[in-house]
Amino acid sequence: MLARVTPLHLDAHLIAVDKPAGLLAVPGRTEPDCLAARVQAVWPDALVVHRLDMVTSGLMLFARGATAQRRLGDAFAQRRVHKRYVAIACGLPDADAGEIDLPLAADWPRRPLQRVDHEHGRQSLTRWRVLARDTAGSRTRVLLEPVSGRSHQLRVHLQAIGHPIVGDALYGGAPAARLMLHAAELIVPHPADGRELELSSTPPF
């Protein structure tokens, strides 16, 4: 029996839910349990719009019906959806805020890893801002705003500036029970009328 899903937002056109870390967003090759299956067990018209990595927690949207899915998909593709993540990064950045503008590409010999690739990579931009510093623990709580939406973008960008995310086994983060990355905010044009819908989810760390 699939675990119960409690929506953060529910209307006739979309559903917003909180994905726990460790749960697939969509079915895997051998693992049918995922957030999409749990949502569709309650709302059969729910359709996937975007994804989060299995190890990432936080906000995910589902469209109710093909029209809403197309409109939401267009909004993501046209960068009209504003996303904010909260992470705990290793180390103490010198600055309080900045931008990471580094092109990313698949690291084919080491899939599913991604890497900075100035020759073949796709343009990728992340804005970041310090929320709090833990000087004793040499860790920093940061707010991340991905302008582009590449695979593993936030994880690779933070690694590239010397501050990988705590718990990131793929990209050299300090060991932890989970990846300390949470999709905390989404501002999305509502598929029914285009009005801005603001959604939020409190990080569990």
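Residues numbered from 1 in each chain as written. Predicted model: local features only at pLDDT ≥ 70, side-chain atom pairs only at ≥ 80, totals over all residues. Heavy atoms only, no water.

Draft legend 1. Representation of the pairing of strand 2 (residues 14-19). Burial analysis of strand 2 places five of its six residues in the buried class, which makes it a mostly covered element. Relative to strand 2, strand 1 (residues 9-10) is paired through two bridges, and the arrangement is antiparallel. Following the sheet pairing, Leu-10 is matched in strand 2 by Ile-15. Where strand 2 and strand 4 (residues 57-64) come together, six bridges link them in antiparallel fashion. Residue pairing for strand 4: Leu-14 is matched across the bridge by Ala-63. (Buried < 20%, exposed > 50% of the residue type's maximum accessible area, 1.4 Å probe, protein only. Helix = DSSP H or I, 4+ residues; strand = E, 2+ residues; numbered from the N terminus. Pairing = 2+ DSSP bridges.)

Draft legend 2. Up close: the pattern of salt bridges. Under the criterion given, the structure shown has twelve salt bridges. Arg-84 is paired through a salt bridge with Glu-145; the nearest N and O atoms lie 3.4 Å apart. Pair noted here: Arg-84 is in strand 5 (residues 82-90) and Glu-145 is in strand 10 (residues 139-146), with a separation of 61 residues, a long-range link. Exposure remark for Glu-145: the relative accessible area of 28% places this residue in the partly exposed category. Here Asp-168 ties to Arg-155 by a salt bridge, and the two come within 2.8 Å at their closest N and O atoms. One end of the pair, Asp-168, is in the loop between helix 3 (153-160) and strand 11 (181-189); the other, Arg-155, is in helix 3, with 13 residues separating them in the sequence. (Salt bridge = Lys/Arg side-chain N within 4 Å of Asp/Glu carboxyl O.)

Draft legend 3. The arrangement of the nonpolar core in detail. In this structure, Val-39, Phe-62, Leu-144 and Leu-181 are the most contacted members of the largest nonpolar core, which totals 33 residues. Looking at this core, the elements with two or more residues in it are strand 2, helix 1 (35-42), strand 4, strand 5, strand 9 (125-134), strand 10, helix 3 and strand 11. The greatest single-element share of this core, amounting to four residues, is contributed by strand 5. If near-sequence neighbours (up to four positions away) are discounted, Leu-181 is found in contact with Thr-56, Ser-57, Tyr-85, Val-86, Ala-87, Leu-144, Leu-154, Arg-155, Ile-165 and Phe-205. Val-49, Leu-61, Ala-75 and Leu-197 belong to the second largest nonpolar core, which has 15 residues in total. (Core = buried A, V, L, I, M, F, W, Y, C linked by side-chain atoms within 4.5 Å. Contact = heavy atoms within 4.5 Å.)

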